[in-house]
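# Structure assessment
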Amino acid sequence: MKIFDTINIFSLVVIITFLGGCAAANFGVGKQSKFIQYDNTNHIVGNKDIATKKLVYIEEINGAIYKQITFYIDKFPYKTDFNLCSDKKDFKTIKAVMIDKSAEQKAIYEDDPISCNGDIYVSLNNNSNNNFVGSYNMKFLDGFDVQDFHGYDLLLKHTASTSSSSFTVEDNSFEQDSIKQIVKKQYWYIKDLE
């Protein structure tokens, strides 16, 4: 009889462990990670009051602008450095979570400045008023993946870079992903300021 009871108890423990494991596995399936999108649609570089031309870089997804930089150009050749997320230079991230004397959790933060430094160079090609050539390096902060860190939100930064050692204003690209149903466009345009 004791062997039979031992087998039943063992079987019961195995079944409970199995069901508990399945419940734990299913618990996280419905939980979606959060992503905080950074606004990359209103970047302005240069001074509009003294500019003679406006150069605009645009990235679109499915017809909606999700990245845009407006460069106000005062003279050619035009060269400038810029930071597309200068508002995040004082960014802090969680380093640790401590428990104080009253058994309360307290987050310890450390400086983690985010830099989206870039540069652009544009000149007239063949002394033409509408034919421009140049180079650029651009780094964008796409946003933050939010993870739980001992009850606090840990923000993990995501950045993307694009560059060209030789581009013209006529350069543009078009990508289509029929599986994800995404159409992505990247292009430039320039216009005179009045």
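Preceding this paragraph is the structure being described.
A few points on the structure. (Residues numbered from 1 in each chain as written. Predicted model: local features only at pLDDT ≥ 70, side-chain atom pairs only at ≥ 80, totals over all residues. Heavy atoms only, no water.)

### Focus on the state of the cysteines
- Per the stated rule, a full pass over the model turns up 1 disulfide.
- Covalent S-S linkage joins Cys85 and Cys116, the inter-sulfur distance amounting to 2.1 Å. Here Cys85 and Cys116 share a disulfide; its torsion about the S-S bond, 95 degrees, makes the bridge right-handed. Placement of Cys85 in the loop between strand S5 (78-83) and strand S6 (92-99) and of Cys116 in the loop between strand S7 (105-111) and strand S8 (117-124) is noted, with a sequence separation of 31 residues between them. Per residue, the accessibility class of Cys85 equals that of Cys116, and both read buried. (Disulfide = S-S within 2.5 Å. Helix = DSSP H or I, 4+ residues; strand = E, 2+ residues; numbered from the N terminus. Buried < 20%, exposed > 50% of the residue type's maximum accessible area, 1.4 Å probe, protein only.)

### Concerning the environment of Asn83
- Within the secondary structure, Asn83 is located in strand S5.
- Under the relative-accessibility criterion, Asn83 is labelled partly exposed at 27%.
- Sequence-wise, Asn83 and Ser115 are 32 residues apart; in three dimensions their C-alpha atoms are separated by 6.7 Å.
- Residue contacts for Asn83: discarding those within four places in its chain leaves Ser115, Cys116 and Asn117.
- Within the structure, Asn83 has its side chain in polar contact with the backbone nitrogen of Cys85 (distance 3.0 Å). (Contact = heavy atoms within 4.5 Å. Polar contact = N/O pair within 3.5 Å; in protein donor to acceptor, adjacent residues only side chain to side chain.)

### Structural notes on the nonpolar core
- Counting 25 residues, the largest nonpolar core has Leu55, Ile69, Phe71, Ile120, Met138 and Trp188 as the members making the most contacts within it.
- Secondary-structure elements contributing two or more residues to this core are strand S3 (53-61), strand S4 (64-73), S5, S8 and strand S9 (132-149).
- In terms of residue count, the dominant contributor to this core is S9 (6 residues).
- With sequence-adjacent residues up to four places away left out, Phe71 is seen in contact with Val45, Lys53, Lys54, Leu55, Tyr78, Phe82, Ile120, Met138 and Trp188. (Core = buried A, V, L, I, M, F, W, Y, C linked by side-chain atoms within 4.5 Å.)

### Brief notes about the packing of aromatic side chains
- According to the stated counting rule, one finds 10 aromatic pairs in the structure shown.
- Look at Tyr57 and Phe140: their rings are 6.3 Å apart centre to centre, the planes differ by 25 degrees, and that puts the pair in the stacked class. Of the two residues, Tyr57 is situated in strand S3 and Phe140 in strand S9; the sequence distance between them amounts to 83 residues.
- The interplanar angle of 55 degrees and the centroid separation of 5.2 Å between the aromatic rings of Tyr136 and Trp188 together place this pair among those described as tilted. Taken together, the residues span a long stretch of sequence, with Tyr136 in strand S9 and Trp188 in strand S12 (residues 182-192) at a distance of 52 residues. (Phe/Tyr/Trp six-rings, centres within 6.5 Å; stacked < 30°, edge-to-face > 60°.)

All we've got here are geometric facts, nothing functional implied.
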